[in-house]
There are 2 protein chains.
Amino acid sequence: MIFDAPAAARLLDALHRLPGIGRRTAERMALHLLSAPDAEAYELSDALREARSRVVRCSSCGMLTEQDPCSICSDTRRDHGLICVVEHPSGVIAIEKGGSYRGVFHVLHGALNPLEGIGPDQLTVDKLLERAGGEAVNEIILATNATAEGEATAMYLMRQMQTRGVAVSRIAHGVPMGGGLEYADDVTLAHALDGRTRL
Amino acid sequence: MIFDAPAAARLLDALHRLPGIGRRTAERMALHLLSAPDAEAYELSDALREARSRVVRCSSCGMLTEQDPCSICSDTRRDHGLICVVEHPSGVIAIEKGGSYRGVFHVLHGALNPLEGIGPDQLTVDKLLERAGGEAVNEIILATNATAEGEATAMYLMRQMQTRGVAVSRIAHGVPMGGGLEYADDVTLAHALDGRTRL
């Protein structure tokens, strides 16, 4: 069958390796790309090469951008004294979609994970400490993920900032807005109770 | 933001155009491809180019293959007098996964759709009629989809075959095995009742 053949199997593997793409979806995508007209199939290949050659990391915040510094870092209407630290570019996009945040960002490009050999040097921690120290920064918001690695990274950064006398905060974790208690998992509920605020 | 930039937007569009890929999944894939190490990102681009250059349509059945004729058409243990007609290569893969079919295939690469200008000449109908006439073919099984276009294509092929005196059949449509009646839609249920078989 077609996916036993080497070139088709290689394409299937490359698609299957993408995040959130299961074997069935990858097969469907591969068959589409193999059956489509030349122009459509090569468009993906060319678009990927062009994007890879043009997109860089912002030299200030680390966000993916085609113009350095990125549109957020070069926006003078934003509060450059407020830095929200996220693990990945997707975090910036998620918070920007909300539309209410007016500060700037810092993308770590990962989280601390000693088992996989990811320490501060593999992330953009040095650059963050430099930004936090050098500029008129009022507050660092730690918005790393609510996972073991994200929490460890937040703890590590909190200590680094506190020795430098920079104010640090952590985003709230709890029951999502509009979400009933019955849909929240145990850990989220426990966190929501622990983090209750007085009215 | 990154997807407002031209090269990143082009990549996002190319991914979003793939079947079954919504905007959110395409964004996730694009961010991964833009953040990943060079080797991983270019692997998809290269794998796609290589697959496109190596994969062809089988000159006999039209299935995608890297060796012409394909592994099914060149398998002498299969019944070459039994041809199962499907719309797309995915149909061949689905039936082969079942493992019980021992005949060969014919891939139409689409279905009749006059509104979109797809007539018999845009499909591999001529080749099918040639195969049905020239070889010792006992039966043509029409396994086009149970859509308006698939049904119209089956009707058209049935008439073409009957004028040539070739036996034609249509795969059964009804309630899926293991599926309760309550999960089947009205059209499927009506079809299952009409197509009942005596015990």
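Look up a bit, the structure's there.
Residues numbered from 1 in each chain as written. Chains lettered and ligands numbered in written order. Predicted model: local features only at pLDDT ≥ 70, side-chain atom pairs only at ≥ 80, totals over all residues. Heavy atoms only, no water.

Peer 1: I tried to follow the relation of the copies chain A and chain B on my own but got confused; where do I start?
Peer 2: Both copies of the chain are placed relative to one another by a rotation about an axis and a shift along it. For the pair chain A and chain B, the relating rotation is 180°, the translation along its axis is 0.0 Å, and the fit reaches an RMSD of 0.1 Å. What we have between these two chains is a two-fold relation. Closest approach to the rotation axis within chain A is made by the C-alpha atom of Ser 45 of chain A, at a distance of 2.2 Å. Interface residue correspondence from chain A to chain B reaches 100%, placing this contact among same-surface, isologous pairings. (Least-squares fit on C-alpha atoms with pLDDT ≥ 70 in both. Contact = heavy atoms within 4.5 Å.)

Peer 1: Mind showing me how you'd approach the interface of chain A and chain B here?
Peer 2: In many analyses, interface size is given as the accessible surface area lost on bringing the parts together. Between chain A and chain B, the contact holds 56 residues from the first and 56 residues from the second. In total, chain A and chain B occlude about 5200 Å² of area from one another, counting both sides; carbon and sulfur atoms represent 65% of this. Sorting the residues of chain A by area buried against chain B places Met 1, Arg 10 and Arg 52 of chain A first, and these three jointly supply 15% of that buried surface. Along the contact surface separating chain A from chain B lie 10 salt bridges. With its nearest N and O atoms 2.6 Å apart, the salt bridge here joins Arg 49 of chain B to Asp 46 of chain A. Listing elements by their share of the side of chain A that touches chain B, those giving two or more residues are helix 1 (6-16), helix 2 (23-35), helix 3 (38-54), strand 2 (64-65) and helix 4 (89-98) of chain A. Looking at the side of chain A that touches chain B element by element, the count peaks at 15 residues for helix 3 of chain A. Classifying every residue of the side of chain A that touches chain B by side-chain character gives 32 nonpolar, nine polar and 15 charged. (Buried area = accessible area lost by both parts, 1.4 Å probe. Salt bridge = Lys/Arg side-chain N within 4 Å of Asp/Glu carboxyl O. Helix = DSSP H or I, 4+ residues; strand = E, 2+ residues; numbered from the N terminus. Nonpolar A, V, L, I, M, F, W, Y, C, P; charged D, E, K, R; others polar.)

Peer 1: I keep staring at the layout of surface pockets and nothing clicks. Help me out?
Peer 2: It is a probe the size of a water molecule, rolled over the atoms, that shows where empty space is left. Size it by volume and the largest pocket reaches roughly 480 Å³. Taken together, 18 residues make up the lining of the largest pocket; nearest its centre are His 88 and Ser 90 of chain A together with Arg 28, Leu 31 and His 32 of chain B. Contributions of two or more residues to the lining of the largest pocket are made by helix 4 of chain A together with helix 2 (23-35) of chain B. Here the residues of the lining of the largest pocket are counted per class, giving seven nonpolar, five polar and six charged. (1 Å grid on protein atoms, 1.4 Å probe; cavity = no way out; pocket = protein on both sides within 12 Å on 5 of 7 lines; lining within 4 Å. Points joined across faces, edges and corners; volume = space filled by probe spheres on them.)

Peer 1: Sorry if this is basic, but what is going on with the sheet that holds strand 5 (residues 139-142) of chain B here?
Peer 2: By definition, the strands of a sheet pair up through backbone hydrogen bonds, in either a parallel or an antiparallel sense. Residue and element names in this part refer to chain B. The sheet built from four strands is open, its strands ordered 4-3-5-6 with parallel pairing. Each having just a single partner strand, strand 4 (103-107) and strand 6 (168-170) make up the two edges of the open sheet. Strand after strand, the sheet turns through a mean of 25° between neighbouring axes, direction not considered. Bridge count between strand 3 (residues 79-86) and strand 5: four bridges; the pairing is parallel. Each bridged residue has a counterpart across the sheet, and for Ile 83 the counterpart in strand 5 is Ile 140. Against the sheet, helix 5 (residues 125-134) makes contact with strand 3, strand 4 and strand 5, and its axis sits at roughly 155° relative to strand 4, the strand it touches most. (Pairing = 2+ DSSP bridges. Axes fitted to C-alpha atoms, helices over the stretch in contact; angles between N-to-C directions.)

These figures come from the coordinates and say nothing about function on their own.
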